[in-house]
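Examining the three-dimensional arrangement
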Amino acid sequence: MMDLPCVQWQDHVAQKWTGLSSELKERFTSLREIDDVFKCALTLTTQDDLDFLQTVSAGHSVQKDAEQAAKCRERGNSSFKTRDYTAATLHYSQGICFAPQSSEQLSLCYANRSAALYHLQHYEESLDDIEEALKNGYPSHLLHKLEDRRTQCLKHLSGGQKGKEDHHSPASKNHKGPDTVKAPSVGPLAYGICPQATVGYSPEKGRHLVAVERIAAGEVILTDRPYSCVLIPGMGEVKGKRGRLDAERGVFGIEHRCCHRCLTETLCPVPCEGCSYSRYCSTGCQRDAWEEHHRWECPLGTDLMVMGVMSQLALRVTLKAGLKNIQMAREPIRDEHRKSEQSCVKRESSTRPTNKPDPSASYYGDSYLSVFHLLHHLNRHSPGLRFLSAVTVATLYLKLSKVGPPPASWALSGPSGRNKQSPDEEGGNADWSTELWLLGSAVLRHFLQLRCNAQAIIKVQDTGAENSPVQSSREIRIASAIFPTLSLLNHSCCPNTSLVFSSGITVDPSDFSESVAEDRGTARGVTVTVRAAKGIAAGQDILHCYGPHSSRMVTQERQQLLQEQYYFLCQCKACTQTQEEEGAEGRQQPSGVGGSQHESGLLCGKCKGPLKRSSVDKGTGFVCSQSSCGHCISSSEVSHRLQEIRVNLEKAVDLMERERPDEALRLLNRAQSQPGLILAETHPLQGELADAMARACATMGDWNNAASHLERSALAITSQYGDDSIELGRQLFKLAQLHFNGGARGPALSVIPKVRRLLCLHCGPHCYELQELQAMEDCLRG
């Protein structure tokens, strides 16, 4: 898991904890204030810890490396020769990131990338790369190639062809499919909460969002941008178990394709001048990231990768805030000397009411104060996790102190000019010994907050071959972030909202409220738009799901996960329903075993009657509901058979990726005919099988059968997620594409209105799918 530090570091800190004396353990565990925990961890962090971190970090490298740059360039050349210009561009980009400044390799990689971009008809970007190649000393005997290419690019641009039409910025030229969201459909809102909602507070619920007027389904409730976010590295996050195959084909991970500041996807990133890892969609994002946080992160290099995403995000929040904001945010703590953990913000109910003053009861817009006063749950974390967090931050504190002097802007004075030092500090000199103490304590605070308040930034990723006529898609987590306003939403396992994330959005800076004036530096970034997924009456809480959803997990599993991570027992509508009600509404476990006696999604292998949970042996088996049959099957046998189906499904998907759809289809037909067990049409796994069969048929040009299979898949999705779900909307969108490709005018025009309603409801009227849908409809209607 990328969120926490790597396993080696976790084991190291665990051994350190085990080696502490009982007195030290007791003293550390008894501490109730963040400042005290940080100070204690600092006294326990030694040179041995720094040395161990250096040893672990040595297994990675983010240094500039001319040899690596040359290897990337050679891989790019190989792709270029096969006319795979997109892969070539990505390889050359990787070479540019590795190449030392002003080196010959840098100039060669820029020149080669300009050639690949030319063939992709990105003429302005090709011209930019030509300039960079010349600036970095491109060999004189090859200059004629660049001059010829420059002439051709200018010729195309002067003719008003594709390069000019498509070019907006280095960030927006390569968008395709679900990654393209030009602007969020936020209507009159810029950033903030709609007039029909307000921030409420109660000791039981903490700060939360509530409707003051009725909010219609599909209306925008709030738009927010993260105070900070960190991109999650790793190809596994992008393509799952296909990582090895993708590596063979030259597919790159999220960290290679996206801007490390605003997350916009780009083929030709601007590299960090100091390391080979960070890259950006534009010089603007590069500059803003450097000033905001990367000037401190860059020298830490692989140390931050070893320490995990949450450590880096906590540090990034603190660096962006700066000392003045931290000092101002700390004032209520010092003035009131309040105890932590007075209430629980992120839950629907609580057993710890309190009447003490609490800055957490106030809403500060999307400023740093809103982030600072999120609950950190210090005393609810286990001693081991608390110790891991504190020692990790203390180690980063010591590493950061060696980076260099603090920025001049971090003066130790607040807006009024009076001294803001902590009680045990003397003098006003701005040195690291004074400033890092406050910074370190703030980093620890945010690290602990993020366990309950971090938000995954989700992107819909197409899976399967790029040229497949019908694509499957899944949501992937590309970054972790902290959203000041989104954090107000409490959890429900059956939420009344939908979230859509957009990146690279250009917003008029004049739309920013005063509360976000501290971050006006750029108009590009990540935006989340929250819409009502159903009508919300005045007085109702506005809720979203923290992960465990009633359509994917049974009550016991959801409640356990929420208790472990968020420290509350969920009592939402879905959780208070009986297991029988849950089954009757079609919600099943992902495994398909089911949680009710009424509906398992399985049919008897003998008579095809529905199987139900057996009332004997504590419900550990299944029995046919037909009294004339009475066939029984154990849970272990059901699980085994379902696993066999899933294995065959994965094999079939792999065959399709290797362009063998006929073999895949035969395997899928066998998979759904397991002896002794039949999947009902509403079973989630049946939906996955039908979706894969649709892909196989479409690949072979059998549009009618492909559409038939996809309709079956939509039936299973409807049963699992509901008639108004975004999951159904996406599946029906694919069905519309299939009908269109197959020339089935009537069926296509019939399904398009259903798709339009669902996509408008969840994604707004400006999402790219609706634009494609409109183009299909216009074509069909002539």
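Source: prediction; values computed, not measured. Starting from 1, residues in each chain are numbered consecutively following that chain's sequence as written. Local features in a predicted model are, by the rule used here, given only for residues with pLDDT of at least 70; side-chain atom pairs are given and counted only at 80 or more, and totals for whole chains, interfaces and linings are based on all residues. Heavy atoms from the whole structure form the basis of all side-chain values; hydrogens and water molecules are not counted.

1. Structural notes on the sheet that holds strand E16 (residues 621-624)
The strands that make up a sheet are held in pairs by hydrogen bonds between backbone atoms, and each pair lies either parallel or antiparallel. Put simply, the test is: At least two bridges found by DSSP between two strands are what make those strands a pair. Segments assigned H or I by DSSP are reported as helices when at least four residues long, segments assigned E as strands when at least two residues long, and all are numbered from the N terminus. Throughout, an axis means a line fitted to C-alpha atoms (over the contacting stretch in the case of helices), and angles, computed between N-to-C directions, take values from 0 to 180 degrees. Contacts were defined at the residue level, with two residues in contact if any of their heavy atoms lie within 4.5 Å.
Taken in spatial order, the 3 strands make up an open sheet running E15-E16-E17, and their pairing is antiparallel. Single-partner strands in this sheet number two, and they are strand E15 (611-613) and strand E17 (632-634). Across this sheet, the average inter-strand angle for adjacent strands is 30°, counted without regard to direction. As paired elements, E15 and E16 share 3 bridges and run antiparallel to each other. Note on E16: the bridge partner recorded for Lys-612 is Val-623. Lying over the sheet, helix H23 (residues 635-657) contacts E15, E16 and E17, oriented at roughly 75° with respect to E17.

2. Side note on unusual backbone geometry
The phi angle of most residues is negative, glycine excepted, and most peptide bonds adopt the trans form. For clarity, the threshold we go by: A simple rule labels every residue: compare its accessible area, found with a 1.4 Å probe on the protein chains alone, to the largest value its type can have, and call it buried under 20%, exposed over 50%, or partly exposed in between.
Even without glycine at this site, Leu-263 takes up a positive phi of about 70°. Locating Leu-263 in the fold gives a position in the loop between helix H13 (254-257) and strand E6 (270-271). Look at Lys-608: it is not a glycine, yet its phi comes out positive at around 65°. Of note, Lys-608 is situated in the loop between strand E14 (602-604) and E15. Residue Lys-608 is classed as exposed on the basis of its relative accessible area, which comes to 60%.

3. What about the UniProt feature "domain: MYND-type" (unreviewed entry) in the protein chain?
To keep it simple, the criterion reads: UniProt positions are given in the numbering used here, feature names are shortened, and annotations may be inferred rather than shown by experiment.
UniProt annotation of "domain: MYND-type" (unreviewed entry) refers to residues 259-298 when read in the numbering used here. Along residues 259-298 one finds 40% helix and 10% strand; the C-alpha atoms at either end are 15 Å apart.

4. Some words on the pattern of salt bridges
To be explicit about the condition: Salt bridges, as used here, are contacts in which a Lys or Arg side-chain nitrogen is within 4 Å of a carboxyl oxygen on Asp or Glu.
Scanning all chains against the criterion turns up 26 salt bridges. With a shortest N-O distance of 3.1 Å, Arg-552 and Glu-727 are connected by a salt bridge. Pair noted here: Arg-552 is in the loop between strand E13 (543-544) and helix H20 (555-566) and Glu-727 is in helix H27 (residues 726-741), with a separation of 175 residues, a long-range link. With a closest N to O distance of 3.0 Å, Asp-654 and Arg-658 form a salt bridge. Of the residues examined, Asp-654 reaches a relative accessible area of 28% and is grouped as partly exposed. Each of Glu-131, Glu-147 and Arg-150 takes part in salt bridges that share partners, so that together they form one network.

5. Focus: the packing of aromatic side chains
Cut-off, in case you're wondering: What counts as a ring pair is set by centres within 6.5 Å for rings of Phe, Tyr and Trp (its six-membered ring), and what kind of pair is set by the plane angle: stacked under 30 degrees, edge-to-face over 60, tilted for all other angles. Two conditions define a charge sitting above a ring: the NZ of Lys or the CZ of Arg must be within 6 Å of the ring centre, and it must be within 35 degrees of the ring normal.
Applying the stated criterion to the full structure yields 12 aromatic pairs. For the pair Trp-9 and Phe-52, a centre-to-centre distance of 6.2 Å together with 35° between the ring planes defines the contact as tilted. One end of the pair, Trp-9, is in helix H1 (residues 7-19); the other, Phe-52, is in helix H4 (residues 47-57), with 43 residues separating them in the sequence. Judged by relative accessible area, which is 0%, Trp-9 ranks as buried. Of the residues examined, Phe-52 reaches a relative accessible area of 26% and is grouped as partly exposed. When the ring of Phe-38 is compared with that of Tyr-397, the centres are 5.2 Å apart and the planes differ by 65°; the resulting orientation is edge-to-face. With Phe-38 in helix H3 (residues 34-44) and Tyr-397 in helix H18 (residues 383-400), this residue pair connects regions lying 359 residues apart in the sequence. Judged by relative accessible area, Phe-38 falls into the buried class, the value being 0%. Put simply, the rings of Trp-17, Phe-28 and Phe-387 pair up and form one aromatic cluster. Sitting above the plane of the Tyr-227 ring, Lys-320 keeps its charged end 4.3 Å from the centroid. The ring of Phe-372 carries Arg-445 above its face, with NZ or CZ at 4.1 Å from the centroid.

6. Regarding helix H25 (residues 684-699)
Note the following rule: In this scheme, a helix's expected span is set at 1.5 Å multiplied by one less than its residue total.
Here H25 contains 16 residues, and its C-alpha end-to-end distance of 23 Å stays within 8% of the 22 Å for a straight helix at 1.5 Å per residue. A large share of H25 lies buried, amounting to 14 of its 16 residues. A positive phi of about 80° marks Gly-701, the residue just after H25.

7. So, the sheet that holds strand E4 (residues 220-224)
Spatially, 4 strands are ordered E1-E4-E12-E11 in an open sheet, and the strand pairing comes out antiparallel. The sheet is open, and its two borders are formed by strand E1 (192-193) and strand E11 (497-503), each paired with just one other strand. Pairing of E4 with strand E12 (residues 526-532) involves 4 bridges; the strand directions are antiparallel. Within E12, the position partnered with Val-220 by the bridge is Arg-531. The strands touched by helix H28 (residues 745-763) are E11 and E12; relative to E12, the strand with the most contacts, the crossing angle is about 120°.

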